[in-house]
Each structure stands twice: as C-alpha cells, then as structure tokens.
Amino acid sequence: MSAGTFTPSPGAAPVSRMILAQTALETRMLLRNGEQLLLTVIIPALLLTLFSAVDIIDTGSEKSVDFLAPGILALAVMSTAFTGQAIATGFDRRYGVLKRLGASPLPRWALMAAKTLSVLVTEVLQIALLTVIAFALGWSPHGNPLSAAALILLGTAAFSGLGLLMAGTLKAEMTLAAANLVFLLLLVGGGVIVPLEKFPETAQSVLGLLPIAALSDGLREVLQHGAALPWGDAAVLAGWAVLGLGAAARLFRWE
C-alpha cells in the first residue's frame, strides 16, 4: 500500500471553519423558528410602529419615535441575546443536542462562540430592520454610532450570559416560562416604553440597575441627546456581563 493511498488524510476541519459553519446553522435555525421571529422581530417592530403613531406616552416636546427607537433597539437585543438564546439553548440541552455536539470535534467553547456569533448576526438584521422603520416614522438620531455599538455589544454580553446561565441550570420548560416572564416584566419596567421617571422614586434607583434600563437609557443618551459614551450605563452593563458570563461558565450543565 503506497503512502499516498489515504491522501488527503481525514481529520477535523480548522476550528475557525467549524465555528463559522455552526454559526450559519444556528442562525438558520433561529430565523426558521416562527416563535423566535415573533419575539425578536415582529413584536419590537409592532411596538415601535404602534407607540410612535399613537400618542399614548408623554415624551414632552420631543417626537415619540425619538424616545422609543433607542428603547426598542435595546428590547431587540434582549429578545435575541437573552430570551431567544435561553429558550433555544435550554431545549437543545434537554434533547441532548448539546451533549452530542460536545462529543464532536467542535470544542465546547467554540460551540458557545458560534451561538454568540449567531446572536450578533441576528441583532444586525434586527437593528437594520428597526432602523428603517424608525426612519420611516421620522426618527432623527444623533450622537456617535460607535458609542451606540459599544453599548449594544456590552448589552449583548450581559444578556447572553444571563440567558446561558438560565438555560444551563433550569429545566427547559422552566426556562421557557421564566425567560418569557422576564421579557414581559423588563418590557414594562425597564424603561423601554415607559420612562423610568414615571415610576416612584424608590423604584427608579433599583430599576436603573437593570441591564435593559442601562441599555435603553444609554442608547437614548447617545442617539436622542447626542451624548458621548455614558460610562455609568456602560459600567452597569459590564458588571452584568461579568456576573452572567462568569456564573454561566461555572454553573452551566451540558446534560
């Protein structure tokens, strides 16, 4: 038998190629899921359109869309990085998908990286769509787009860590219920649609420490008021990112 019989020799693909392939798969699965599309695309778009067109929220002399658009962008990040990822990963864990992938040539850290990249790809599509809708409604953003991008990346890290922590420690059915409940609670009390100033003063200080409130307020400071990077909101998001990702890495159960 000659030395070249088995040339090219079989083996695992480079890790970078495996991550890209898994990212493409994760993204296609997410976009084909009707429930996830409802959560990540349709609900934010409907909220932006409805509350911008109907004079329900008192935003003073400023246009409603200028206040709403940053909050809806924050909601889109939460819906994908936290709610959608928690539910999808929780059921992957329940049905043994994570266990089987963990036994494949794809390293476990690379699988988590692919899921994170899939979240970022989905967020880009969400933000592009919501931005087009907001411009059609008369949105006039200000500020540095790089500052807004930095806040979105910090928010993604914070929500992703919390979503993976929930998916890796709770049963799939519990994750489904808890993730949707948290989504609704943060939608109402996180400053997305209703300004935090409308809540009692004692509650404002607590609600302001939530990641959705920090992301919403930070994006408004940049996109509505033209401010530089709001370091206070960025610090809150960074703190949640460290806590969530650190706890997920420590407590996540693959089976």
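As a reminder, the structure under discussion sits directly above these lines.
Residues numbered from 1 in each chain as written. Predicted model: local features only at pLDDT ≥ 70, side-chain atom pairs only at ≥ 80, totals over all residues. Heavy atoms only, no water.

**Student:** Explain the overall build of the protein residue by residue, including any values.
**Tutor:** Within the protein, the secondary structure is distributed over 10 helices and 0 strands. Whereas a compact globule of 255 residues would reach a radius of gyration of roughly 18 Å, the protein reaches 20 Å, a difference of no more than 12%. Relative to its full complement of 255 residues, the protein shows a buried share of 46%. A fraction of 81% describes how many contacts in the protein between residues 6 or more apart in sequence connect residues 24 or more apart. Of the roughly 12600 Å² of accessible surface on the protein, 70% is carried by carbon and sulfur atoms. Considering the protein, the positive charge centre built from 15 side chains and the negative charge centre built from 15 side chains are found 19 Å apart. (Helix = DSSP H or I, 4+ residues; strand = E, 2+ residues; numbered from the N terminus. Rg over C-alpha atoms; globule rule 2.2 N^0.38 Å. Buried < 20%, exposed > 50% of the residue type's maximum accessible area, 1.4 Å probe, protein only. Contact = heavy atoms within 4.5 Å. Areas by Shrake-Rupley, 256 points an atom, 1.4 Å probe, with all protein chains shown as cover. Lys, Arg positive; Asp, Glu negative; His and termini not counted. Charge placed at Lys NZ, Arg CZ, Asp CG, Glu CD.)

**Student:** Talk me through the packing of aromatic side chains; I want residue IDs and the actual numbers.
**Tutor:** A complete count under the given rule lists 2 aromatic pairs for this structure. In this structure, arginine 220 is placed above the aromatic ring of phenylalanine 67, and the distance from its NZ or CZ to the ring centre is 3.8 Å. (Phe/Tyr/Trp six-rings, centres within 6.5 Å; stacked < 30°, edge-to-face > 60°. Lys NZ or Arg CZ within 6 Å of the ring centre and 35° of its normal.)

**Student:** So what's going on with helix H6 (residues 145-169)? Residues and values would help.
**Tutor:** Along its 25 residues, H6 runs 36 Å from first to last C-alpha, staying within 8% of the 36 Å computed at 1.5 Å per residue. Its side-chain oxygen placed 2.9 Å from the backbone nitrogen of leucine 146, asparagine 144 serves as the N-cap of H6. (Expected span 1.5 Å × (residues − 1). Polar contact = N/O pair within 3.5 Å; in protein donor to acceptor, adjacent residues only side chain to side chain.)

**Student:** So, the pattern of salt bridges: which residues are in play, and what are the values?
**Tutor:** Under the defined criterion, the tally for this structure stands at 4 salt bridges. Among the salt bridges present, the one from lysine 115 reaches glutamate 26, with a minimum N-O distance of 3.3 Å. Placement of lysine 115 in helix H5 (residues 108-136) and of glutamate 26 in helix H1 (residues 15-32) is noted, with a sequence separation of 89 residues between them. Given a relative accessible area of 4%, lysine 115 falls into the buried group. A salt bridge links arginine 220 to aspartate 217; the nearest nitrogen and oxygen atoms lie 3.6 Å apart. On the criterion of helical spacing, the pair formed by arginine 220 and aspartate 217 is a turn pair, its members being 3 residues apart in helix H9 (residues 211-223). Bridged by salt links that share partners, the residues Glu26, Asp92 and Lys115 form one connected network. (Salt bridge = Lys/Arg side-chain N within 4 Å of Asp/Glu carboxyl O.)

**Student:** Account for a nonpolar patch on the surface, naming residues and giving values.
**Tutor:** A cluster of nonpolar residues, Leu31, Val121 and Leu125, forms a patch on the protein surface that exposes about 220 Å² of accessible area. Mapped onto the elements of the fold, valine 121 is located in helix H5. Its relative accessible area of 37% is what places valine 121 among the partly exposed residues. (Patch = residues over 30% accessible without salt bridge, like charges linked within 9 Å, V, L, I, M, F, W, Y side chains within 5 Å.)

**Student:** Got a sec to walk through the nonpolar core? Specific residues and values, please.
**Tutor:** Judged by nonpolar contacts, the single largest core of 47 residues is most densely connected at Leu48, Leu75, Met78, Phe159, Leu215 and Leu219. Broken down by secondary-structure element, the contributors of at least two residues to this core are helix H2 (34-53), helix H3 (64-94), H5, H6, helix H7 (172-189), H9 and helix H10 (231-251). Considering each element in turn, this core owes the most residues, 15 residues, to H3. For leucine 75, the residues in contact, after removing those within four places along its chain, are Pro44, Leu47, Phe183, Leu187, Val192 and Ile212. Met18, Leu106, Met112 and Phe252 belong to the second-largest nonpolar core, a separate cluster that totals 12 residues. (Core = buried A, V, L, I, M, F, W, Y, C linked by side-chain atoms within 4.5 Å.)

**Student:** Kindly report on the packing of H3 against H6, identifying the contributing residues and their values.
**Tutor:** Packed helix pairs are specified by the crossing angle of their axes together with the interaxial distance, meaning the distance between the axes. At their nearest, the axes of H3 and H6 sit 8 Å apart, and the two run at 25° to each other. One finds that H3 runs roughly parallel with respect to H6. Note that H3 runs across H6; the crossing there is right-handed. Each of Val77, Met78, Ala81, Phe82, Gln85, Ala86, Thr89, Gly90 and Arg93 in H3 lies in contact with H6, whose residues at this interface are Ile152, Gly155, Thr156, Phe159, Ser160, Leu162, Gly163, Leu164, Met166, Ala167, Gly168 and Thr169. (Axes fitted to C-alpha atoms, helices over the stretch in contact; angles between N-to-C directions. Parallel < 35°, antiparallel > 145°, perpendicular 65-115°, else oblique. Left-handed = near helix turned anticlockwise from the far one by under 90°.)

**Student:** Break down the environment of valine 222 for me, citing the residues and quoting the values.
**Tutor:** Within the secondary structure, valine 222 sits in helix H9. According to the relative accessible area criterion, valine 222 is buried, its value standing at 0%. Residues valine 222 and leucine 151 lie 71 residues apart in sequence; the distance between their C-alpha atoms is 9.6 Å. When near neighbours in sequence (up to four residues on either side) are disregarded, valine 222 contacts His142, Gly143, Asn144, Ser147, Ala148, Leu151, Ala227, Ala228 and Pro230.

**Student:** Hey, could you go over the environment of alanine 114 for me, with residue numbers and the actual values?
**Tutor:** For alanine 114, the location among the structural elements is in helix H5. Residues alanine 114 and isoleucine 19 lie 95 residues apart in sequence; the distance between their C-alpha atoms is 5.3 Å. Setting aside its immediate chain neighbours within four residues, alanine 114 contacts Ile19, Gln22 and Thr23.

**Student:** Explain the packing of H3 against H9 to me, and be specific about the residues and the numbers.
**Tutor:** Two numbers describe how H3 lies on H9: the axes approach to 8 Å, and their chain directions differ by 140°. Classified by the angle between their axes, H3 and H9 sit oblique to one another. In this structure, H3 crosses over H9, and the sense of that crossing is right-handed. Where H3 abuts H9, its residues Phe67, Pro70, Gly71, Leu73, Ala74, Leu75, Val77 and Met78 lie against Ile212, Leu215, Ser216, Leu219, Arg220 and Leu223.

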